[in-house]
Amino acid sequence: MKSLVILISGRGSNMLNIARACAEQQWPARVSAVISNEPEAAGLAAARDMGLAIEVVEHRGYATREAFDSALAGRVEAHAPDLVVLAGFMRVLGPGFVDRFAGRLINIHPSLLPSFPGLRTHARALDAGVRVHGATVHFVTPELDAGPIIAQAVVPVRSDDDEASLATRVQASEHVLYPAVVAGIVRDQVSLEGARVRLSPQMRAAFGVSDIVYAD
Ligand code: GAR
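What you are looking at is a predicted structure, and each value in this text was computed from that prediction instead of being measured.

Colleague: Tell me about the environment of N14, residues and numbers included.
Modeller: Positionally, N14 belongs in helix α1 (residues 13–24). By relative accessible area, which is 7% here, N14 ends up buried. Distance in space between the C-alpha atoms of N14 and H133 is 18 Å, their sequence separation being 119 residues. Here N14 is in contact with A87, I108, Q171, E174, H175 and Y178, once residues within four sequence places are set aside.

As structure tokens, this is what we get:
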């Protein structure tokens, strides 16, 4: 059984989709803990209602980013995670944290990276006039919203889209993409070779989802 630790800051819809898929699809994994830096995160209550173990490490309680990262790393490490899943975790993690979990730390970002790292990705995509937008799951490196790309979901931009309508469709694509990627990782279908990600043929074949474009 692999151990998953999921870090959230807010609603936690990606976390919930991953936890549900883990249970329903009988992954060889369990969600050991859901940890939030925000005590009021809606996702925490939802995770508790699902019977998941929840914890709070509130960033405001630490004088420096390094102190917060170190406390968080300790709590994460206590669950001996095979994979640490950032799911709407809105704190930048420093190299101390990222290097400690290198190769077992992944993130989802609401754009087709390397386009639009950072915040307000949907508004920036509309302003730029891109015809395709989407979401990216990647291994985390110390650089913000960067690191080897595992998979992307492509969402066409419609002429009548506004920020809200585009965000809704990108979120829907995230809810397909992220569980599919985590399932692949816990089944050893994803490997990191240097800066490149390799997916097994089984993983590519297993998910016949047309709007997911894999990295290889
Ligand atoms: C998701 O859309 C995720 O891509 C984004 O936060 C949202 C969290 O939603 N993450 C980032 O912007 C990270 N840079 P959720 O809490 O409902 O899963």
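There's plenty left to go through after this.
Colleague: How would you explain the nonpolar core if you had to name every residue and give the values?
Modeller: The biggest cluster of nonpolar side chains holds 42 residues, and the ones touching the most others in it are M15, W27, I106, I150, Y178 and V182. Element by element, the count of residues in this core is highest for helix α6 (residues 163–186), at 9 residues. Not counting the four nearest positions on each side in its chain, I106 is found in contact with L83, V84, V85, L86, V137, H138, F139, V140, I150, Y178, V182 and I185. In this structure, I35, L72, V76 and L105 belong to the second largest nonpolar core, which totals 18 residues.

Colleague: Please give an account of the packing of α1 against α6 that cites residues and values.
Modeller: Relative to each other, α1 and α6 sit at 45°, their axes nearing to 9 Å. Viewed along their axes, α1 and α6 adopt a mutual orientation that is oblique. Where α1 crosses over α6, the two elements pack in a sense that is right-handed. Counting all contacts with α1, which are made through S13, N14, N17, I18 and A21, the residues of α6 involved are Q171, E174, H175, Y178, P179 and V182. Residues that form the contact of α1 with α6 fall into these classes: 5 nonpolar, 5 polar and 1 charged.

Colleague: Hey, could you go over the pattern of salt bridges for me, with residue numbers and the actual values?
Modeller: Per the stated rule, a full pass over the model turns up 8 salt bridges. Close ionic contact of D188 with K2 constitutes a salt bridge, the shortest N to O distance being 2.9 Å. One end of the pair, D188, is in the loop between α6 and β8 (190–193); the other, K2, is in strand β1 (residues 2–8), and 186 residues separate them in sequence. Judged by its relative accessible area of 60%, D188 falls in the exposed class. In this structure, the salt-bridge partner of R60 is E38, at a minimum N-O distance of 3.0 Å.

Colleague: With reference to specific residues and values, describe unusual backbone geometry.
Modeller: The residue after L113, namely P114, is reached through a cis peptide bond having omega 10°. Phi at Q26 takes a positive value of approximately 50°, unusual for a residue other than glycine. Looking at the secondary structure, you find Q26 in the loop between α1 and β2 (29–36). A positive phi is found at D145, a non-glycine position, where the angle reads about 50°. Checked against the element boundaries, D145 lands in the loop between β6 (132–139) and β7 (149–156).

Colleague: Lay out the side chain of H138 with the relevant residues and their values.
Modeller: You can see H138 is positioned in strand β6. Within the local environment of H138, its side chain forms a polar contact with the backbone oxygen of A146, the two atoms lying 3.0 Å apart. Once you skip the residues sitting within four places of it in the chain, H138 turns out to touch L105, I106, N107, H109, L113, D145, A146, G147, P148, I149 and I150.

Colleague: Before we move on, could you go through the site of the ligand and cite the residues and values that matter?
Modeller: As a structural note, the neighbourhood of the ligand is formed by R11, G12, S13, N14, G88, M90, I108, H109, P110, D145, Q171 and E174. A distance of 2.5 Å is found between an oxygen atom of the ligand and a side-chain nitrogen or oxygen belonging to S13. Here the ligand has 450 Å² of accessible area as a free molecule, and 87% of this is covered by the chains. In the shell around the ligand, the residues fall into 3 nonpolar, 6 polar and 3 charged.

Colleague: How would you summarise the environment of V157 if you had to cite specific residues and measurements?
Modeller: In this structure, V157 sits in the loop between β7 and α6. Non-local contacts of V157, meaning those with residues more than four positions away in its chain, are made with L126, V130, R131, V132, H133, L166 and R169.

Colleague: Residues and numbers for the packing of aromatic side chains, please.
Modeller: A full pass over the atoms with the stated rule returns 2 aromatic pairs. Considering the side-chain rings of F97 and F101, the 4.8 Å spacing of their centres and the 45° angle between planes classify their relative orientation as tilted. Given a relative accessible area of 0%, F101 falls into the buried group.

What counts, and at which threshold
Residues numbered from 1 in each chain as written. Predicted model: local features only at pLDDT ≥ 70, side-chain atom pairs only at ≥ 80, totals over all residues. Heavy atoms only, no water. Helix = DSSP H or I, 4+ residues; strand = E, 2+ residues; numbered from the N terminus. Buried < 20%, exposed > 50% of the residue type's maximum accessible area, 1.4 Å probe, protein only. Contact = heavy atoms within 4.5 Å. Core = buried A, V, L, I, M, F, W, Y, C linked by side-chain atoms within 4.5 Å. Axes fitted to C-alpha atoms, helices over the stretch in contact; angles between N-to-C directions. Parallel < 35°, antiparallel > 145°, perpendicular 65-115°, else oblique. Left-handed = near helix turned anticlockwise from the far one by under 90°. Nonpolar A, V, L, I, M, F, W, Y, C, P; charged D, E, K, R; others polar. Salt bridge = Lys/Arg side-chain N within 4 Å of Asp/Glu carboxyl O. Polar contact = N/O pair within 3.5 Å; in protein donor to acceptor, adjacent residues only side chain to side chain. Near = heavy atom within 4 Å. Areas by Shrake-Rupley, 256 points an atom, 1.4 Å probe, with all protein chains shown as cover. Phe/Tyr/Trp six-rings, centres within 6.5 Å; stacked < 30°, edge-to-face > 60°.

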